[in-house]
Amino acid sequence: MEAILRVTRGLAAPFDLSTMLGEVVSAAKQVLGAERGSVWLYDAAANELVLEVATGIKPIRVPSGTGIVGACARERVIINVPDCYADPRFDPSVDKASGYRTRSLLTLPLVDHKDSLVGVMQVLNKRAGPFDAYDEALATALAAQCAVALQRVRMTAALIEGERMRQALEMARVVQMSTLPTTMPAVPSYDVGAMFEPAELTGGDTYDLALVDERLLVVLGDATGHGIAPALSVTQMHAMLRMAFRLGADLETAFVQVNDRLAETLADDRFITAFIGLLDPATHELTFHSGGQGPVFVYRAATKTFERYKPTSFPLGAMRVTALRPATKVQLLPGDILVLVSDGVYEYENASGEAFGEARVQQLVAKVHAGSMADLVAGLMNDVRTFASSAKQEDDITAVFVKRLPENRRTAEFARHFTAIPELVAFSAGAFAELGIDPSLGPTVDLAVEELFTNMVKYGAGSTAPVGLTLAAIAGGVEVTLVDRDVEPFDITRSPDVDIDAPIEKREPGGLGLHLIRKLAESVTYTYAQERRESRISLRFTGSGRTSGSR
Amino acid sequence: MLAIEYRQDGAVVLAGRLDASQAEAAQAFLDKVQGTVTLDCNGLEYISSAGLGVLLKTQKRLLAAAGKLRLVGLKPHLRDIFTYSGFDQLFEIESAS
């Protein structure tokens, strides 16, 4: 019993199989006074017994059921054979392989706590005669300990393998995420937003937003399935597209070449639905091919409606393209939004089996279209999470939004005469309303515009050109620009300040207007273009500036 | 547009916008006032430096003859303009209650 307890303690320590089996075998030999010992592991998948460790013998596999080991495994009983060569079940091939002669043999099943066979332990050639009943009892106790230790080692190995797999997936996710844009590209007159939320560690979706030669590349792709294989496919497509466009390929060539390359490499039952578009921010024309990716929506700000565009081709990689329909062209107008959302959103089901659907996406876009696309992305994710509640995310969620910013400015020209002042005031009031500028800035802007305009009338008498006025909505306020042509330069930022504390007899009205502008405006800039003899004055007013305006 | 007229008690009522396009008309009216004159600004919505110039010229003329302008009912955003320009030091101002 003392020996068993020592063995038990010894078995608690090792975590790898060979050390553990070595411990068992040496313990058995010692406790039972035997010459040799071996442990056969049961390979359930192959239904074979594998001799992993035996002192002096190389690994051997035998079909479960062969020989005494097989009989023990099948019947799960202890078998005590005093003279092997007298027992018909004995298979001498192991002796032949090892050159060792087995005389007496004690064979025990190793059964774990779930009553499954994990292996067979054999102890060979007791030095003092055959194994007796006391040896059987000792060996049975040892076998029970061995089975538990063996099970623990196997579970540990499975955990380690699982952890290796998890780490490999984590790496794959890092690689996939590194291909996505880290920041949204800055495109004049456009606001873009995107997100990618994989259902598993890696996903079968991808997107891209990148400026390539003055054009915005817009991609949303969705490979069949999710997990590591489709993640590799979409990442490959993503990289090929970037490369193709960087090398100057046109949309058709890139689409066909990437499709054909994917058709060659993807498994026969795999494909990628993808929207691939190029937007020219100068002409506001979006040209795209969609390989089975839909729905493609464009929100029209003017009519507050959605246009739906069909795919131009089958999914990428499904087969080679022999004839490609022309790309779809869409003219984006101020305030319009391209809406690309993967089916992981549309088909996301809540607990009662209802899908998120297209209507909820459209309602959200229509509701928050005036806000930033980053807010739209966050709003969509929030709506989806709220809708899904406890329902698990089954598919990757990807969204790309591209908005042409609404016109933020109004420009008009005015006759160079004091009588135009009411027209200036009326124009400003209209621009404030149309551009949604804080109306409390109105009186301040009127004052600034009038002061600058009257200066231009007074001092630009030699010019017959009208005076240009532009009002532009900016964050929290308005930018006012006056353009005065055919005039000499006059930098208002350099004009001397007025001494407002002077006694009344020293006070004159002159210079007071510019003084007030400097007091009221957050910033004043002056530029003069010599070739056009043009003065341009820009003022910024925001609620946070020094203006107090009207209440 | 600007409206400028006498009230029955002799005060001058200013209403609307006193901008550069209205300054000439306002000046012509105020050139005729004498003594200590109350300007009722309750209806005044806007004033620019051109308007301030009209008031300054009038104030100088009246002060020389021991008279003055008294401004009453000035709206807060116009009061700010007077402060920024230092004109609050040149006129007796009684703000809108």
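Right above here is the structure, for reference.
Overview of the structure. If you're wondering where the values come from, they're calculated on a predicted model, not measured in any experiment. (Residues numbered from 1 in each chain as written. Chains lettered and ligands numbered in written order. Predicted model: local features only at pLDDT ≥ 70, side-chain atom pairs only at ≥ 80, totals over all residues.)

As for the overall build of chain A
Okay, step 1: Scanning chain A for helices and strands turns up 13 helices and 21 strands.
Okay, step 2: When each of the 551 residues of chain A is scored for burial, the buried share is 37%.
Okay, step 3: Residue pairs at least 24 apart in sequence account for 65% of intrachain contacts in chain A once pairs closer than 6 positions are excluded. (Helix = DSSP H or I, 4+ residues; strand = E, 2+ residues; numbered from the N terminus. Buried ≥ 20, exposed ≤ 12 C-beta atoms within 10 Å, placed from the backbone. Contact = placed C-beta atoms within 7 Å.)

With respect to the overall build of chain B
Okay, step 1: Counting its secondary structure elements, chain B contains 3 helices and 5 strands.
Okay, step 2: Each helix and strand of chain B, ordered N terminal to C terminal, gives the series β-β-α-β-α-β-α-β.
Okay, step 3: Classification of the 97 residues of chain B by burial places 43% in the buried group.

As for the interface of chain A and chain B
Okay, step 1: With 24 residues of chain A in contact, the opposing surface of chain B contributes 22 residues.
Okay, step 2: Those elements that provide at least two residues to the side of chain A that touches chain B are α11 (421–435), α12 (442–459) and α13 (512–520) of chain A.
Okay, step 3: The greatest single-element share of the side of chain A that touches chain B, amounting to 6 residues, is contributed by α12 of chain A.
Okay, step 4: Of the residues belonging to the side of chain A that touches chain B, the class tally is 10 nonpolar, 7 polar and 7 charged. (Nonpolar A, V, L, I, M, F, W, Y, C, P; charged D, E, K, R; others polar.)

A look at the packing of helix α9 (residues 357–368) of chain A against helix α10 (residues 373–388) of chain A
Residue and element names in this part refer to chain A.
Okay, step 1: The geometry of α9 relative to α10 is characterised by a closest axis approach of 10 Å and an angle of 140 degrees between their N-to-C directions. One finds that α9 runs oblique with respect to α10. Considering only the axes of α9 and α10, their crossing is right-handed. Across the interface between the two elements, Arg 360, Leu 364, Val 365 and Val 368 from α9 touch Asp 375, Leu 376, Gly 379, Leu 380, Asp 383 and Phe 387 from α10.
Okay, step 2: Tallied by class, residues from the contact of α9 with α10 come to 6 nonpolar, 1 polar and 3 charged. (Axes fitted to C-alpha atoms, helices over the stretch in contact; angles between N-to-C directions. Parallel < 35°, antiparallel > 145°, perpendicular 65-115°, else oblique. Left-handed = near helix turned anticlockwise from the far one by under 90°.)

A closer look at the sheet that holds strand β19 (residues 477–484) of chain A
Residue and element names in this part refer to chain A.
Okay, step 1: The 5 strands lie next to each other as β17-β18-β19-β21-β20, forming an open sheet whose pairing is antiparallel. Edge positions in the sheet fall to β17 (409–414) and β20 (523–529), since each has one partner strand and no second. Within this sheet the neighbouring strands show an average axis-to-axis angle of 15 degrees, counted without direction.
Okay, step 2: Sheet topology note: the β20/strand β21 (residues 534–542) ladder contains 7 bridges and is antiparallel. In the strand pairing of β21, Thr 527 is matched with Arg 536. (Pairing = 2+ DSSP bridges.)

Considerations on the sheet that holds strand β13 (residues 305–309) of chain A
Residues and elements named next belong to chain A.
Okay, step 1: Sheet architecture is open: 5 strands sit in the order β7-β16-β15-β12-β13, paired in antiparallel fashion. Each edge of the open sheet is held by one strand with a lone partner, namely β7 (190–197) and β13. Adjacent strand axes in the sheet meet at a mean angle of 15 degrees when their direction is disregarded.
Okay, step 2: When strand β12 (residues 296–300) meets β13, the two strands line up antiparallel, connected through 5 bridges. Note on β13: the bridge partner recorded for Val 298 is Glu 307.
Okay, step 3: Where α9 meets the sheet, it contacts β12, β13 and β15 (337–341), and its direction lies at approximately 150 degrees from that of β15.
Okay, step 4: Docked against the sheet, α10 engages β7 and β16 (397–404), running at close to 30 degrees with respect to β7.

What about the pairing of strand β5 (residues 105–111) of chain A?
All names here are of chain A.
Okay, step 1: Counting buried residues along β5, 6 of its 7 residues qualify, which places the element largely inside the surrounding structure.
Okay, step 2: Looking at chain direction, β5 and strand β6 (residues 117–126) are connected through 7 bridges and run antiparallel. Paired with Leu 110 across the bridge in β6 is Gly 119.
Okay, step 3: As consecutive antiparallel partners, β5 and β6 are separated by 5 residues, and within that stretch Asp 115 has a phi angle of approximately 70 degrees, a positive value.

Section: unusual backbone geometry
Residues and elements named next belong to chain A.
Okay, step 1: Of note, the amide linkage connecting Gly 294 to Pro 295 takes the cis form, showing an omega dihedral of 0 degrees.
Okay, step 2: At Asn 125, a residue that is not glycine, the phi angle is positive and equals roughly 55 degrees.
Okay, step 3: Positionally, Asn 125 belongs in strand β6.
Okay, step 4: The backbone of Lys 304 shows a phi angle near 55 degrees, a positive value even though the residue is not glycine.
Okay, step 5: By the secondary structure assignment, Lys 304 is in the loop between β12 and β13.
Okay, step 6: Residue classification places Lys 304 among the exposed residues on the basis of 10 C-beta atoms within 10 Å.

Here we look at the nonpolar core
Okay, step 1: Counting residues in each nonpolar core, the largest one holds 62 residues, and the members touching the most others are Ala 448, Val 449, Phe 453 and Val 478 of chain A.
Okay, step 2: Residue contacts for Val 449 of chain A: discarding those within four places in its chain leaves Leu 424, Ser 428, Leu 469 and Val 480 of chain A. (Core = buried A, V, L, I, M, F, W, Y, C linked by C-beta atoms within 7 Å.)

Notes on the pairing of strand β9 (residues 215–223) of chain A
Residues and elements named next belong to chain A.
Okay, step 1: The element β9 is largely enclosed, with a buried count of 9 among its 9 residues.
Okay, step 2: Burial along β9 is two-sided: the face carrying Arg 215, Leu 217, Val 219, Gly 221 and Ala 223 and the face carrying Leu 216, Val 218, Leu 220 and Asp 222 are both buried.
Okay, step 3: Where strand β8 (residues 205–212) and β9 come together, 8 bridges link them in antiparallel fashion. Across the sheet, the residue bridging to Leu 211 is Leu 216, located in β9.

Digging into the environment of Glu 264 of chain A
Okay, step 1: Position of Glu 264 of chain A relative to the elements: it lies in helix α7 (residues 251–265).
Okay, step 2: Along the backbone, Glu 264 of chain A and Met 319 of chain A are 55 residues apart, and their C-alpha atoms lie at a distance of 8.1 Å.

Focus: the packing of α11 of chain A against α12 of chain A
Residues and elements named next belong to chain A.
Okay, step 1: Across the interface, α11 lies against α12 with an axial gap of 10 Å and an inter-helix angle of 140 degrees. Judged by the twist between their axes, the crossing of α11 over α12 is right-handed. Where α11 abuts α12, its residues Ile 421, Leu 424, Val 425, Ser 428, Ala 429 and Phe 432 lie against Gly 442, Val 445, Asp 446, Val 449, Glu 450 and Phe 453.
Okay, step 2: Per-class residue counts for the contact of α11 with α12 are 8 nonpolar, 2 polar and 2 charged.

Some words on the environment of Phe 490 of chain A
Residue and element names in this part refer to chain A.
Okay, step 1: The residue Phe 490 is located in the loop between β19 and α13 in this model.
Okay, step 2: For Phe 490, a count of 16 C-beta atoms within 10 Å puts it in the partly exposed group.
Okay, step 3: With 34 residues separating them along the chain, Phe 490 and Met 456 place their C-alpha atoms 9.8 Å apart.

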